[in-house]
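As a plain string of letters, each chain reads:
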Amino acid sequence: MALYEKLTTVMTSDHASVVSMNLFVALLCTCIIIGHLLEENRWINESITALLIGLCTGVFILLTTGGKSSHILLFSEDLFFIYLLPPIIFNAGFQVKKKQFFRNFMTIMLFGAIGTLISFCIISLGAIHFFQILDIGSLKIGDYLAIGAIFSATDSVCTLQVLNQDETPLLYSLVFGEGVVNDATSVVLFKAIQNFDLSHIDLITALQLVGNFLYLFIASTVLGILAGLLSAFIIKKLYFGKLIRHSTDREVALMILMAYLSYMLAELFSLSAILTVFFSGIVMSHYTWHNVTESSRVTTKHAFATLSFIAEIFIFLYVGMDALDIEKWRFVSQSPRKSIGVSSLLLALILVGRAAFVFPLSFLSNLSKKSQSEKIEFKQQVTIWWAGLMRGAVSIALAYNQFTRLGHTKLRENAIMITSTITVVLFSTVVFGLMTKPLVRLLLPSSKQIISIPSPPLTPKSFTVPLLGNGQDSGVNGGTQNGLRSSRLRMLLSIPARGVHHYWRKFDDSVMRPIFGGRGFVPYVPGSPLEQSVHQWH
């Protein structure tokens, strides 16, 4: 009898899981269809559509279950970090236009790394000062620093969906590049904080924290590059050794699995998997992608982009449903004003922390530019500032990691932080997201002259927006009006892109490509694209 009851329980549980997955997949399809129909809407974009559908679904489930639950699936950090995030970050690296990305590298790193550190400091210090006044509970110094890392992670998807790649290529490149580096920096910061006992912080501990941050940043990048080179070498040897006989299925399978392997290796060695898989994507698009046949190139390009798209919709839908989790809100129901106060304070710190680095760093970046067309205009600076105000699934996942155990919490202060994080994510995504389209159209009217960047149709970068770099032969030197001070800053902040690119190309052609393959080093075979089809992609 007991065995029968256990079997019945298992069967009922399995059936409930199947029903939940069916409903969730149906909701994903609904989000894609409605998002497509509302594509030209002035206010709504695909991310907000998925979030609102998730909220409505959560309300419906709450009503049908009598207030017991609001979601179909329970939140899982593994689901987010192991299954959903890798395709999004890898696709960002795989589709990036490398030449222009690295020409804009200094500006992107200024915003994505230095800017994130500035925002982290402001949010952490503000939380330490004001949370004690609000008396939300006994948070430790490690919790306050974690809050700074959690709310430094931006989500610029809404803005990227609005920006026109042809009208504002430089702006898009900065928002896109900063978003990826920002997420990686925030997660590296978060991991570095968790690696130390910060209850008694001193100079030595602070230096160790900085050293650990730099170690994670550099080691993760190197691992990503090595993983990408390994995939290129293996596929090149198999390809020319006729072992796979130009099999599209095997080539695509190897690329997808080795891309995922780079992410899991970083997790295995406790590094930043985001940085690793991003640089792995860049290296694989430079070498590995050219070592496969034409059909494999087209397939991988669309496969990675499709997986990334589905994962993004999944995340926003998931966040919408999880936002109404009744268990967490029950802890703060007795003091709603305190929860609202914490959420409002965090939003204010995000606004201030963002402004504290966007405008000063834009000024520094402009001093290093030679022509007016390369400088970041004030309206573009406002757009960059606005693009980083939204918070998304990375913030929620990090908050769950810090303040819950397996998605549950019994401490009042932890519950307040979780509900406040959810409130900030919902408010910033919906309210700021709804205002993004009108704001961008107001600041950057479409009547401006369109600057198009030609890109070959058969390369990964043609599937997404190219990153505009500084022109090689750009205009008249505008440094004379800034005097000696501007010239010195330009020397410090700008990299001689032509010289670096020239020497890199020589090294790449003489050393790297003969070993790892790539454009120009793969002999033409039937089923492989012609050389001119990939002539401009380096």
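Residues numbered from 1 in each chain as written. Predicted model: local features only at pLDDT ≥ 70, side-chain atom pairs only at ≥ 80, totals over all residues. Heavy atoms only, no water.

Which parts of the structure should I look at to understand the overall build of the protein chain?
A count of helical and extended segments in the protein chain gives 19 helices and zero strands. Taking all contacts inside the protein chain whose residues are at least 6 apart in sequence as the whole, residues at least 24 apart take part in 84%. Accessible area for the protein chain stands at about 24400 Å²; split by element, carbon and sulfur atoms hold 67% of it. (Helix = DSSP H or I, 4+ residues; strand = E, 2+ residues; numbered from the N terminus. Contact = heavy atoms within 4.5 Å. Areas by Shrake-Rupley, 256 points an atom, 1.4 Å probe, with all protein chains shown as cover.)

Would you mind showing me how to read a nonpolar patch on the surface here?
A surface patch of nonpolar side chains, amounting to about 450 Å² of accessible area, comprises Val210, Leu214, Ile218, Val222 and Leu226. With respect to the secondary-structure elements, valine 210 resides in helix α9 (residues 203-240). (Patch = residues over 30% accessible without salt bridge, like charges linked within 9 Å, V, L, I, M, F, W, Y side chains within 5 Å. Salt bridge = Lys/Arg side-chain N within 4 Å of Asp/Glu carboxyl O.)

Would you mind showing me how to read unusual backbone geometry here?
If a residue is not glycine, its phi is most likely negative; likewise, a peptide bond is most likely trans. Unusually for a residue other than glycine, serine 270 sits at a positive phi of about 60 degrees. In this structure, serine 270 sits in the loop between α10 (248-268) and α11 (273-286).

I would appreciate a short explanation of the pattern of salt bridges in the present structure.
When charged atoms on two side chains of opposite charge get close, those side chains can pair. The tally for this structure, following the rule as stated, stands at four salt bridges. Of the charged contacts, one joins arginine 354 and glutamate 178 as a salt bridge, the two residues approaching to 2.6 Å between their closest N and O atoms. Here arginine 354 is found in helix α14 (residues 336-367), whereas its partner glutamate 178 is found in helix α8 (residues 169-194), with 176 residues between them in sequence. In terms of burial, arginine 354 and glutamate 178 fall into one category: buried. The closest approach of N and O atoms between aspartate 509 and arginine 505, which form a salt bridge, is 3.7 Å. Highlighted residues: aspartate 509 and arginine 505, both in helix α19 (residues 497-516), separated by four residues, approximately one helical turn. Its relative accessible area of 27% is what places aspartate 509 among the partly exposed residues. Here the residues in one salt-bridge network are Arg505, Asp508, Asp509 and Arg513, joined through shared partners. (Buried < 20%, exposed > 50% of the residue type's maximum accessible area, 1.4 Å probe, protein only.)

Could you clarify how one ought to interpret the confidence of the model for the protein chain in this entry?
Here the protein chain averages 78 in pLDDT, and 77% of its residues register 70 or above. Throughout residues 447-484 the model reports pLDDT below 50, and contacts reaching past four residues in sequence, or to other chains, amount to 90 contacts. Note that residues 527-538 has pLDDT below 50 and, in this model, 46 contacts with residues that lie over four places away or in other chains. (pLDDT = per-residue confidence, 0-100.)

Teacher, can you tell me more about the side chain of asparagine 91 here?
Assignment of secondary structure puts asparagine 91 in helix α3 (residues 77-95). Setting aside residues no more than four positions away along its own chain, asparagine 91 makes contact with Phe304, Ala305 and Ser308.

Teacher, can you tell me more about helix α2 (residues 46-64) here?
An α-helix turns once per 3.6 residues; consequently, residues spaced three or four apart project the same way. Counted at 1.5 Å a residue, the expected span for α2 with its 19 residues is 27 Å, and the 27 Å between its end C-alpha atoms agrees. Those residues of α2 lying buried are Ser47, Ile48, Thr49, Ala50, Leu51, Ile53, Gly54, Thr57, Gly58, Ile61 and Leu62. Once α2 ends, the next one or two residues include glycine 66, with phi positive near 70 degrees. (Expected span 1.5 Å × (residues − 1).)

What is the right way to look at the packing of helix α15 (residues 378-387) against helix α17 (residues 412-443) in this model?
Each pair of packed helices can be described by the angle between their axes along with the distance between the axes. The interhelical angle for the contact between α15 and α17, taken along N-to-C directions, is 170 degrees, at an axis separation of 11 Å. With respect to each other, α15 and α17 are oriented roughly antiparallel. Contacts between α15 and α17 involve Lys379, Val382, Thr383 and Trp386 from the former and Phe432, Met435, Thr436, Leu439, Val440 and Leu443 from the latter. For the contact of α15 with α17, the residue count by class is seven nonpolar, two polar and one charged. (Axes fitted to C-alpha atoms, helices over the stretch in contact; angles between N-to-C directions. Parallel < 35°, antiparallel > 145°, perpendicular 65-115°, else oblique. Nonpolar A, V, L, I, M, F, W, Y, C, P; charged D, E, K, R; others polar.)

What is the right way to read the packing of α2 against α17 from this model?
Where α2 contacts α17, the two axes come as close as 10 Å, and the packing angle between them is 130 degrees. In this view, α2 runs oblique relative to α17, as classed from their interaxial angle. In the crossing of α2 with α17, the sense of the turn from one axis to the other is left-handed. Each of Ile48, Leu51, Leu52 and Leu55 in α2 lies in contact with α17, whose residues at this interface are Leu426, Thr429, Val430, Gly433 and Leu434. (Left-handed = near helix turned anticlockwise from the far one by under 90°.)

Just checking my understanding: could you explain the packing of aromatic side chains for this structure?
When we look at a pair of aromatic rings, we describe it by the centre distance and by the angle of the planes. Inspection of the entire model under this criterion finds 17 aromatic pairs. Considering the side-chain rings of phenylalanine 94 and phenylalanine 304, the 5.0 Å spacing of their centres and the 65 degrees angle between planes classify their relative orientation as edge-to-face. Taken as a pair, phenylalanine 94 in helix α3 and phenylalanine 304 in helix α12 (residues 294-322) lie far apart in primary sequence, 210 residues in all. When its relative accessible area of 0% is taken as the criterion, phenylalanine 94 is described as buried. Owing to a relative accessible area of 5%, phenylalanine 304 belongs among the buried residues under this scheme. (Phe/Tyr/Trp six-rings, centres within 6.5 Å; stacked < 30°, edge-to-face > 60°.)

How should the nonpolar core be read in this particular structure?
Where a protein is soluble and globular, its nonpolar side chains tend to be buried together. In this structure, Phe131, Ile147, Phe151 and Met417 are the most contacted members of the largest nonpolar core, which totals 127 residues. The residues touching methionine 417, leaving out its near neighbours within four places in the chain, are Phe131, Ile136, Leu139, Ile147, Phe151, Val342, Leu346 and Phe403. Counting six residues, the second-largest nonpolar core is a separate cluster that includes Leu229, Val283, Tyr287 and Phe516. (Core = buried A, V, L, I, M, F, W, Y, C linked by side-chain atoms within 4.5 Å.)

Just to check I follow, could you spell out the environment of valine 394 for this structure?
Within the element layout of this structure, valine 394 appears in helix α16 (residues 393-403). On the basis of relative accessibility, which here comes to 7%, the residue valine 394 falls in the buried class. If we skip the residues at most four places from it in the chain, valine 394 touches Phe80, Ala153, Asp183 and Val187.

How should I be thinking about α3 in this particular structure?
Look at α3: 26 Å from first C-alpha to last across 19 residues, which is about the 27 Å you get at 1.5 Å a residue. Bending of α3 peaks at approximately 50 degrees at the position of leucine 85, with proline proline 86 no more than four residues after it. Most of α3 is tucked away: 15 of the 19 residues are buried. (Bend = angle between axes of the 7 residues up to and from the residue.)

What is the right way to read the side chain of serine 280 from this model?
Inspection of the secondary structure assignment puts serine 280 in helix α11. When near neighbours in sequence (up to four residues on either side) are disregarded, serine 280 contacts Phe90, Gly224, Ala227, Gly228 and Ser262.

Can you help me understand the state of the cysteines in this one?
Under the counting rule described, the total for this entry stands at zero disulfides. Considering cysteine sulfurs only, cysteine 29 is the nearest to cysteine 31, which forms no disulfide, with 9.2 Å between them. (Disulfide = S-S within 2.5 Å.)

What's the story with the environment of isoleucine 141 in this structure? I'm lost.
Locating isoleucine 141 in the fold gives a position in helix α6 (residues 141-150). For isoleucine 141, a relative accessible area of 26% translates into the label partly exposed. Taking the C-alpha atoms as reference points, isoleucine 141 and aspartate 197, 56 residues apart in sequence, are found 9.4 Å from one another.

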